[in-house]
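Spelled out from the first residue to the last, the chains are:
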Amino acid sequence: MLFINTRPDERASALTQALDQAGYQVEALPLLELVAEPFSNVLQQLYLELRQVQAIVVVSPTAVEVGMRYLQQAGIALDQLKHIQWIAVGKATAQALTRFDIQSFVPEVETSEGMLQLPILKQQTDLKKIAFWRGLGGRQFMMQQLQQQGVEILNFVLYHRQCPKQSFAAFPEIVKKISLNQPVVVLISSEASWNYWQQLCTQYQLTAQWIYLVLGTRLLQLVRRSQPQTTASFNIIQLENLSASEIIQRMSDWQGHV
């Protein structure tokens, strides 16, 4: 069985190693790379307002890296934000925050829906203003939900996503390794990665048995809605998080039922 690991290069190696040890043939095909947006007057103004928020939602390790770099550039000391509570989308982001001695709330399910279930967002009524450190186009659903509850959002767009150029070159070589009706597992961690995957696939007539591992309920529904638009049939398996243990367990459960 072929497993296509679509995680960004800097986050893919540990998963690839675990999958290899579990007996999977793994091909790396990063579907996203994150590129920092330039520091701007808009960001400068947002940073000056940051001390007014009650919480900061950080959506990725990249958001931590760029956000902290620009915090310093804006002339704001981290000590000035001690009153603020931090929310990380997942364990990797929380770990990145610990390098700055910041403890954060982490949802059980590493999605927007999972974060919205955190008591700090669901139960507290005194949250008036929240900052989002995010990428262009990300976490729209979560921000909309909070705005509907009357929360003001400070929207820090710190980076944008793009499909790496090397993946467009690597994909034809991976296609050559796919046998007729061979089971092929593809990890889909975001709507953006799903869109890039579809762009790559439209260039080829592929007859594999596709198994998509998707993160969270909303992404599962998105991929499921795409099924009538393609001639290829596929299976969808929902993940609660992107840990190697979760991915290998879900694959083992699926193989035990087929």
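Computed from a predicted model, the values in this text were never measured in an experiment.

## Let's talk about the pattern of salt bridges
Counted under the stated rule, the structure contains 7 salt bridges. Taking the shortest distance from any N to any O, the salt bridge between Glu-49 and Lys-129 comes out at 3.6 Å. Of this pair, Glu-49 sits in helix α2 (residues 41-49) while Lys-129 is found in strand β7 (residues 129-135), placing the two residues 80 residues apart along the sequence. An identical accessibility class is assigned to Glu-49 and Lys-129; each is buried. With a shortest N-O distance of 3.3 Å, Glu-173 and Lys-176 are connected by a salt bridge.

## Some remarks on the domain arrangement of the protein chain
How large an interface is tends to be reported as the accessible area lost when its parts come together. According to the domain assignment, the protein chain consists of domain 1 (2-32 + 163-253) and domain 2 (35-161). Carbon and sulfur atoms supply 52% of the area buried between domain 1 and domain 2, which totals about 810 Å² over both sides. Interface area lost by domain 1 to domain 2 is led by Arg-11, Arg-218 and Glu-240, which between them contribute 53%. Counting across the domain 1 and domain 2 interface gives 2 residue pairs in polar contact (both at pLDDT 80 or more).

## With respect to α2
Buried within α2 we find Leu-43, Leu-46, Tyr-47 and Glu-49. Summarising the axial view, the buried residues of α2 lie within an arc of 160°, below the 170-degree limit, and thus occupy one face. At its buried positions, α2 is contacted by α3 (61-73), β7 and β8 (152-162).

## Quick notes on the sheet that holds strand β2 (residues 25-28)
Whenever strands of a sheet pair, they do so through backbone hydrogen bonds, lying parallel or antiparallel. The 5 strands lie next to each other as β2-β1-β9-β10-β11, forming an open sheet whose pairing is parallel. With partners counted over all chains shown, the strands left at the sheet margins are β2 and β11 (234-239), one partner each. Geometrically, the sheet is characterised by an average inter-axis angle of 20° between neighbouring strands, direction not taken into account. The pairing of strand β9 (residues 183-188) with strand β10 (residues 209-215) spans 6 bridges and is parallel. Looking at β10, one finds that Val-185 is bridged to Ile-211. Packing of helix α11 (residues 244-256) onto the sheet brings it into contact with β1 (2-5), β9, β10 and β11, and relative to β11 it is tilted by some 135°.

## As for the nonpolar core
Of all hydrophobic cores here, the largest spans 47 residues; its most connected members are Tyr-47, Leu-50, Trp-86, Trp-133 and Phe-156. Broken down by element, the residue count for this core peaks at 6 residues, all from α3. Trp-194, Cys-201, Leu-222 and Phe-234 belong to the second-largest nonpolar core, a separate cluster that totals 25 residues.

Rules behind the numbers
Residues numbered from 1 in each chain as written. Predicted model: local features only at pLDDT ≥ 70, side-chain atom pairs only at ≥ 80, totals over all residues. Heavy atoms only, no water. Salt bridge = Lys/Arg side-chain N within 4 Å of Asp/Glu carboxyl O. Helix = DSSP H or I, 4+ residues; strand = E, 2+ residues; numbered from the N terminus. Buried < 20%, exposed > 50% of the residue type's maximum accessible area, 1.4 Å probe, protein only. Domains from an automatic or database assignment. Buried area = accessible area lost by both parts, 1.4 Å probe. Polar contact = N/O pair within 3.5 Å; in protein donor to acceptor, adjacent residues only side chain to side chain. Arc of directions from axis to C-beta. Contact = heavy atoms within 4.5 Å. Pairing = 2+ DSSP bridges. Axes fitted to C-alpha atoms, helices over the stretch in contact; angles between N-to-C directions. Core = buried A, V, L, I, M, F, W, Y, C linked by side-chain atoms within 4.5 Å.

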